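The chain contents come next:
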Amino acid sequence: MPTCPAVKERYEGPVTVVGKDTQCEVGMRVRMNEGLTSHGVGTVTECFKDEDLQGCCAVIWDSDQCHTRPLHSHMGNLHCCRVGKDCVYDLVLADAKVCSDFEVVKHSVVERGSLRAHYEVKRECDDEEDKENAESQENVETGGVNAAEER
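Summarised in this report is the structure supplied together with it. In this text the structure is predicted, and so the values were computed from the model without any measurement. All residue numbers refer to positions counted from 1 along the written sequence of the respective chain. Only residues with pLDDT of at least 70 get local features here, since the model is predicted, and only at 80 or more are side-chain atom pairs given and counted; chain-wide, interface and lining totals rely on the full set of residues. Side-chain calculation: all heavy atoms of the structure are included, whereas hydrogens and water are not.

Some details on the pattern of salt bridges
Thought 1: One side-chain nitrogen of Lys or Arg within 4 Å of one carboxyl oxygen of Asp or Glu is enough to make a salt bridge. Tallying each qualifying case throughout the model produces 4 salt bridges.
Thought 2: A salt bridge links Arg29 to Asp62, with the shortest nitrogen-to-oxygen separation between them at 2.6 Å. With Arg29 in strand β1 (residues 29-32) and Asp62 in the loop between β3 (56-61) and α1 (69-75), this pair connects stretches of sequence that are 33 residues apart.
Thought 3: Exposure remark for Arg29: the relative accessible area of 14% places this residue in the buried category.
Thought 4: Among the salt bridges present, the one from Asp90 reaches Arg82, with a minimum N-O distance of 3.0 Å. Each helix is a run of DSSP H or I of at least 4 residues and each strand a run of E of at least 2, with the numbering of both proceeding from the N terminus. With a 1.4 Å probe rolled over the protein chains alone, any residue whose accessible area is under 20% of its type maximum counts as buried; one over 50% counts as exposed, and the rest are partly exposed.

The structure is reproduced here in structure tokens:
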């Protein structure tokens, strides 16, 4: 599988900083803040309340982009990010829609002879959107006419 060099995040226009402009929530879709190494898009899976981790959250990155594969191969795709701890904000909002109905699936991957974990977030709202999009596409293809009505 081809890989690309790491890139830094750059944004055109304003961004919503997680923990500063909006409260961190489980199910948020996020990216790294401006100037930080890009991990692509990920999902917040836990917002920590413990005293030593307060102001941090767990993010599982999708790892579906060329520049993220070598990074996540080396570091894994489950990271702890700062959302206010020590006044540091690692994340920006990637999508306004929050989907807290998800399942985390752990996969075991053998890479270069070493076993490592790779995590996948299966969001229920994504499945619902896919179904709605498929139904909408079917309506477009049939001209909005139900096949049973045609008979």
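Observations regarding the sheet that holds strand β5 (residues 91-95)
Thought 1: Whether two strands pair depends on DSSP finding at least two bridges between them. Spatial strand order, β4-β3-β2-β1-β5: 5 strands in an open sheet with antiparallel pairing. Each end of this open sheet is capped by a strand with a single partner; those strands are β4 (78-82) and β5. If you compare each strand with its neighbour and ignore which way they point, the axes differ by 50 degrees on average.
Thought 2: Where β1 meets β5, 4 bridges bridge the pair, whose relative direction is antiparallel. Bridge assignment links Arg31 to a residue of β5, and that residue is Val92. Think of each axis as a best-fit line through the C-alpha atoms, taken over the contacting stretch in the case of a helix, with angles from 0 to 180 degrees between the N-to-C directions.

Examining the state of the cysteines
Thought 1: A pair of cysteine sulfur atoms is labelled a disulfide when the two atoms are within 2.5 Å. If you walk through the whole model with that rule in mind, you get 2 disulfides.
Thought 2: Here Cys4 is linked by a disulfide to Cys66, with a sulfur-sulfur distance of 2.0 Å. Note on the Cys4 and Cys66 pair: the S-S dihedral is about 90 degrees, so by sign convention the disulfide is right-handed. Of this pair, Cys4 sits in the segment before β1 while Cys66 is found in the loop between β3 and α1, placing the two residues 62 residues apart along the sequence.
Thought 3: Since its relative accessible area comes to 32%, Cys4 is described here as partly exposed.
Thought 4: A sulfur-sulfur separation of 2.1 Å characterises the disulfide bridge that pairs Cys99 with Cys125. Its S-S torsion of approximately -135 degrees makes the covalent link between Cys99 and Cys125 left-handed. Of this pair, Cys99 sits in the loop between β5 and β6 (102-111) while Cys125 sits in helix α2 (residues 124-141), and the two are 26 residues apart along the sequence.

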